[in-house]
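# Commentary on secondary and tertiary structure
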Amino acid sequence: MGIFIASCGNDNPVDTGSNETLLYEESGLVDSVVVTGCYDYTRFRFLNDTFYFGAYSKLRVEFESLTSSDRARISFVSYNAAVTNQILYTKNNEEVNMLHSFELSAPVDTTWLELRLYLSPQVCGENEYRFIRARDLKIYGIK
C-alpha cells in the first residue's frame, strides 16, 4: 500500500485578501534591562530609522515581553515634527509578561518609533537581579 501526493499549482503566493503588510521586523531579542539593586532604570530603544506610513490607515504592532520585577513598564512611543514623546501603548507590572498585539492609527507625518523599557524593583536582596526584555517585534501596515 502506498500514498501518492501530487500538486499542480503555481509558485505564486495565494492572495488571501489580507490587507496587512509587514513593514518592520526584529527577530529575537530587541532590548533588555538588568539591574542588581533597588534602583530605577529606563532604556530607550529607537527602531532603526524614520518611518512614513502614508499608505496605511492603521498599524498593528506585536512583540513579546517578560519581566522578573515587581515594578516594570513597557511602552511604545512616537515622535514627529509636531508631537514628541507621544505614548501610543503602555503596560505595567504583571501586564508586561505577555504577547502584546495592538492597533493604532497610522501617523501621517514622518515618524520615529521607540520601545521604552522601565524597571524599578521594590523588592530585591543581596546579589539578586531583576530584568525586563522585549523580543520578536513586528509592525504591520493596514490599508
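Preceding block: the structure.
Here is a short report on the structure shown in this document. (Residues numbered from 1 in each chain as written. Predicted model: local features only at pLDDT ≥ 70, side-chain atom pairs only at ≥ 80, totals over all residues. Heavy atoms only, no water.)

## Side note on the overall build of the chain
The helix and strand tally for the chain stands at zero helices and eight strands. Classification of the 143 residues of the chain by burial places 38% in the buried group. Across the chain, every contact between residues at least 6 apart in sequence was considered, and the portion connecting residues at least 24 apart equals 81%. Of the roughly 8800 Å² of accessible surface on the chain, a fraction of 49% belongs to carbon and sulfur atoms. (Helix = DSSP H or I, 4+ residues; strand = E, 2+ residues; numbered from the N terminus. Buried < 20%, exposed > 50% of the residue type's maximum accessible area, 1.4 Å probe, protein only. Contact = heavy atoms within 4.5 Å. Areas by Shrake-Rupley, 256 points an atom, 1.4 Å probe, with all protein chains shown as cover.)

## What about the environment of Y39?
Mapping Y39 onto the fold places it in the loop between β1 (20–35) and β2 (41–46). Accessibility expressed as a relative area gives 40% for Y39, which makes it partly exposed. Placed 85 residues apart in sequence, Y39 and C124 show a C-alpha to C-alpha distance of 9.7 Å.

## Here we look at the sheet that holds strand β5 (residues 86–92)
Read from one edge to the other, the open sheet built from four strands follows the order β2-β7-β4-β5, with strand pairing classed as antiparallel. Pairing within the sheet leaves two strands with one partner each, and these edge strands are β2 and β5. Neighbouring strand axes in the sheet, compared pairwise and without regard to direction, differ in orientation by 15° on average. Bridge count for strand β4 (residues 72–79) against strand β7 (residues 112–119) is eight bridges, and the pairing is antiparallel. Bridge pairing links Y79 to W112 in β7. (Pairing = 2+ DSSP bridges. Axes fitted to C-alpha atoms, helices over the stretch in contact; angles between N-to-C directions.)

## A short note on the sheet that holds strand β8 (residues 130–142)
In space, the four strands of this open sheet follow the order β1-β8-β3-β6, with antiparallel pairing throughout. The sheet terminates laterally at β1 and β6 (98–105), the two strands that pair on one side only. The average undirected angle you get between the axes of adjacent strands in this sheet is 15°. Where β1 lies against β8, twelve bridges are found, and the strand directions are antiparallel. Paired with T21 across the bridge in β8 is G141.

## Quick look at the nonpolar core
With 27 residues, the main nonpolar core has L47, V61, F63, I74, F76 and I132 as its most contacted residues. Beyond its immediate stretch of four places on either side in the chain, F63 contacts I74, Y89, M98, L99, H100, F102, L115, R135, D136 and L137. (Core = buried A, V, L, I, M, F, W, Y, C linked by side-chain atoms within 4.5 Å.)

## Focus on the environment of A106
Looking at the element boundaries, A106 is found in the loop between β6 and β7. Note on A106: relative accessible area 12%, which makes it buried. Through-space distance from the C-alpha of A106 to that of K143 is 9.7 Å; in sequence the pair is 37 residues apart. With sequence-adjacent residues up to four places away left out, A106 is seen in contact with F53, Y56, S57, K58 and L59.

Everything listed here is a matter of coordinates, which is why it stays silent on function.
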